[in-house]
Amino acid sequence: MPRRTRDIAEGQHFRKVGPAGGVWEVVALHTDASGAVHAKLRNVDEVKTFRTFAIGALADPRNFQFVKD
């Protein structure tokens with residue numbers, strides 16, 4: 001279960017906390033110009049839906065719950 005941002009990797013699955021959550025797969029990690037690392041996520045149920053989140057938000061259990069590697 002990744003709790004630290006450095007433990008987040010491509011292929012992991014997370015469930016978004018909240019009523020319209022869903023399960024999301026990490027498909028890419030990238031660093032922006034200011035040095036912040038972001039994860040590009042693909043909705044497992046709607047494969048053409050993508051979102052980008054800071055990995056700090058992804059590691060926060062108030063926002064996402066780890067599902068599987």
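Everything that follows concerns the structure shown earlier in this document.
These numbers come from a predicted model, not from an experiment.

What counts, and where the lines are drawn
- Residues numbered from 1 in each chain as written.
- Predicted model: local features only at pLDDT ≥ 70, side-chain atom pairs only at ≥ 80, totals over all residues.
- Heavy atoms only, no water.
- Salt bridge = Lys/Arg side-chain N within 4 Å of Asp/Glu carboxyl O.
- Helix = DSSP H or I, 4+ residues; strand = E, 2+ residues; numbered from the N terminus.
- Buried < 20%, exposed > 50% of the residue type's maximum accessible area, 1.4 Å probe, protein only.
- Core = buried A, V, L, I, M, F, W, Y, C linked by side-chain atoms within 4.5 Å.
- Contact = heavy atoms within 4.5 Å.
- Pairing = 2+ DSSP bridges.
- Axes fitted to C-alpha atoms, helices over the stretch in contact; angles between N-to-C directions.

**Details of the pattern of salt bridges**
The final tally for this structure, using the stated rule, is two salt bridges. Between arginine 42 and glutamate 25 there is a salt bridge, with its nearest N and O atoms 2.4 Å apart. Here glutamate 25 lies in strand E2 (residues 23-31) and arginine 42 lies in strand E3 (residues 37-43), a separation of 17 residues in the sequence. Taken as a pair, arginine 42 and glutamate 25 share a single burial class, namely buried.

**Side note on the nonpolar core**
If you look at the biggest cluster of nonpolar residues, it comprises ten residues: Ile8, Phe14, Trp24, Val26, Ala39, Leu41, Ile55, Leu58, Ala59 and Phe64. Put simply, the parts of the chain that give this core at least two residues each are E2, E3 and helix H1 (55-59). Looking at which element gives the most residues to this core, the answer is H1, with three residues. Contacts of alanine 39, omitting those with residues within four sequence positions, involve Val26, Ala28, Leu29, Arg51, Thr52, Phe53, Ile55 and Leu58.

**Here's the deal with the sheet that holds strand E5 (residues 64-68)**
Backbone-to-backbone hydrogen bonds join strands into a sheet, with any given pair of strands oriented parallel or antiparallel. Ordered by their spatial adjacency, five strands build an open sheet running E4-E3-E2-E1-E5, and the pairing between neighbours is antiparallel. Only two strands of the sheet have a single neighbouring strand rather than two, namely strand E4 (50-54) and E5. Here the strands of the sheet are splayed against their neighbours by 40 degrees on average, with no regard to which way each runs. In this sheet, E5 lies alongside strand E1 (residues 13-16) in antiparallel orientation, the contact comprising four bridges. Among the inter-strand pairings, lysine 16 is bridged to a residue of E5, identified as phenylalanine 64.

It is worth stressing that arrangement in space is one thing and function is another; only the former is reported here.
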